[in-house]
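These are the residues of each chain, in order.
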Amino acid sequence: MKVKIFSLFVLLIAGSINAFSQISEDKKIQIENQYDKVLWYTLKSDGYLEVIKNDLYGALDKNGNILFPCQYDHVYYSEGYFEVEKDKKLGAFDKNGKLLFPCLYEKVYYDEDEKHFEVTLKGKNGLLGYNGKQIIPCLYEDIYYDDDNDYYKVTLNGKVGTLDGKGKQIFPCIYDEIYKHDDPDYYKLTYNGKVGIFDLKGKKIFDFKYTDLCWWETEDQIGCQVKQGDKVGFVSKEGKELIPCQYDNILYYAESNKDIYFWNVFVYGTCANAVS
C-alpha cells in the first residue's frame, strides 16, 4: 500500500509539471545535457526556466528557448520582468527576454503602479520607464512621485525642485520646500524662510516676500491670505497686495451680485472694514 501511495504522489507531481510545461521529453534531455543545472521548479512557479552553466545564470522560456544566456551571477523574476546581477551591478530584461537596461546600477526597484524603475547609480537616484528609457537621470538624493498631480519632487544637495511627468524641469533644486495645492492649483515654494506662489507652469504669482500662506479664498478664487511675522494681509491671485500685513486676522465676505469684496480686519482685538 505504501508503494502505491508513493507512486501515485510521484505521478501527480510529474503530471502537474508536464501539464504546465510545453517542453517535450527530448527537449528536456537536450536542456539537461546543455547546462550544469536546470531549476525545473521555476518553470512551474514562474513560467520560465532558470539554468546554470559555469556558475552563471540564464533563463529559457516555457518552450525551452533562450530568453537570455548564462552570463549573470544571479537572476530574480518579479512583476513581469527579470532582474539580473553581474559583478554586483543590476540590470533588467522584460518577460520576453528583451534587454531593458544593462547591469549598471547598484539598486533597482520596479514600481508596479507607476510602471517605472527607480534606479541608483554611484549613490544617486533616477528613474527609467518600463522600456528602459531614461525619465530622470541619476542625479538626485531623493525622488518622490506625486501620482495625484503627475509631477516629481527631487532633492539635490539638500534642496528641493520639481519635474513634470516626463522629467522636464519645472523648478530647479534651490528651494527649501515645494508643495502643490489643488482647488485652486498652485505651487507654494519656500526659499530662505519666505514663501512664493507660482502657477502650474512655473510662472510667479508673487515673490518671496511673506513668511507663510494661510488660506486661499477658493469660492471666488480672488487670492490668498498671507502672513508676515505674526500679522496677516491679503494678496490677489495676480499677486497684487490688496491688504498689507498689519492685522491680527482677516474675515472675507463677498456680495453675490456685485463685483465688490468686503473685509473685516481685526487690529489688536478691534474691527475695521475694508472694501476692494
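This text follows the structure it describes.
Residues numbered from 1 in each chain as written. Predicted model: local features only at pLDDT ≥ 70, side-chain atom pairs only at ≥ 80, totals over all residues. Heavy atoms only, no water.

Asker: Run through the sheet that holds strand S1 (residues 37-39), naming residues and quoting values.
Answerer: An order of S1-S2-S3-S4 is seen for the four strands of this open sheet, with the pairing classed as antiparallel. Single-partner strands in this sheet number two, and they are S1 and strand S4 (66-72). If you compare each strand with its neighbour and ignore which way they point, the axes differ by 20° on average. Summarising the sheet, strand S2 (residues 49-53) and strand S3 (residues 56-60) pair through five bridges and their orientation is antiparallel. Across the sheet, Ile52 pairs through a bridge with Tyr57, a residue of S3. (Pairing = 2+ DSSP bridges. Helix = DSSP H or I, 4+ residues; strand = E, 2+ residues; numbered from the N terminus. Axes fitted to C-alpha atoms, helices over the stretch in contact; angles between N-to-C directions.)

Asker: An account of the side chain of Thr42 is requested, with residue identities and associated values reported.
Answerer: Locating Thr42 in the fold gives a position in helix H3 (residues 41-45). Within the local environment of Thr42, its side chain forms a polar contact with the backbone oxygen of Leu39, the two atoms lying 2.7 Å apart. The contact partners of Thr42, leaving out residues within four places of it in the chain, are Gly47, Tyr48, Leu49 and Glu50. (Polar contact = N/O pair within 3.5 Å; in protein donor to acceptor, adjacent residues only side chain to side chain. Contact = heavy atoms within 4.5 Å.)

Asker: Explain the environment of Tyr151 residue by residue, including any values.
Answerer: By secondary structure assignment, the location of Tyr151 is in strand S14 (residues 151-156). Residue class for Tyr151 comes out buried when judged on its relative accessible area of 4%. Placed 11 residues apart in sequence, Tyr151 and Thr162 show a C-alpha to C-alpha distance of 6.9 Å. If we ignore the near neighbours within four places in the chain, the residues touching Tyr151 are Tyr144, Tyr145, Asp146, Thr162, Leu163, Asp164, Gly165, Lys180 and Tyr187. (Buried < 20%, exposed > 50% of the residue type's maximum accessible area, 1.4 Å probe, protein only.)

Asker: Mind laying out a negative patch on the surface, listing which residues take part and the relevant values?
Answerer: A grouping of Asp113, Asp147, Asp148 and Asp150 is seen on the molecular surface, where their side chains present a negatively charged patch. Summarising the element assignment, Asp150 is placed in the loop between strand S13 (142-146) and S14. In this structure Asp150 comes out as partly exposed when scored by relative accessible area, which is 42%. (Patch = residues over 30% accessible without salt bridge, like charges linked within 9 Å, V, L, I, M, F, W, Y side chains within 5 Å. Areas by Shrake-Rupley, 256 points an atom, 1.4 Å probe, with all protein chains shown as cover. Salt bridge = Lys/Arg side-chain N within 4 Å of Asp/Glu carboxyl O. Lys, Arg positive; Asp, Glu negative; His and termini not counted. Charge placed at Lys NZ, Arg CZ, Asp CG, Glu CD.)

Asker: Explain unusual backbone geometry residue by residue, including any values.
Answerer: Of all residues except glycine, most have a negative phi; of all peptide bonds, most are trans. For Lys115, which is not a glycine, the phi torsion comes out positive at approximately 60°. Note that Lys115 resides in the loop between strand S9 (107-111) and strand S10 (116-121).

Asker: If you had to explain the packing of aromatic side chains to someone new, which residues and values would you point to?
Answerer: Scanning the entire structure with this criterion turns up 25 aromatic pairs. Ring geometry for Tyr48 against Tyr77: centres 5.3 Å apart, planes inclined by 45°, an arrangement best described as tilted. You can see Tyr48 sitting in the loop between H3 and S2 and its partner Tyr77 sitting in strand S5 (residues 74-78), a full 29 residues away along the chain. We note Lys28 situated over the ring of Trp40; from NZ or CZ to the ring centre the distance is 6.0 Å. (Phe/Tyr/Trp six-rings, centres within 6.5 Å; stacked < 30°, edge-to-face > 60°. Lys NZ or Arg CZ within 6 Å of the ring centre and 35° of its normal.)

Asker: Any details on the sheet that holds strand S11 (residues 124-129)? Residues and values, ideally.
Answerer: Overall, antiparallel pairing links the four strands, which are arranged S9-S10-S11-S12 in an open sheet. Edge strands, defined here as strands with exactly one partner in the open sheet, are S9 and strand S12 (134-140). Strand-to-strand twist across the sheet, computed as the mean angle between neighbouring axes with direction ignored, equals 15°. Note that S10 and S11 share six bridges and pair antiparallel. Bridging from a neighbouring strand, Val119 pairs with Gly126 of S11.

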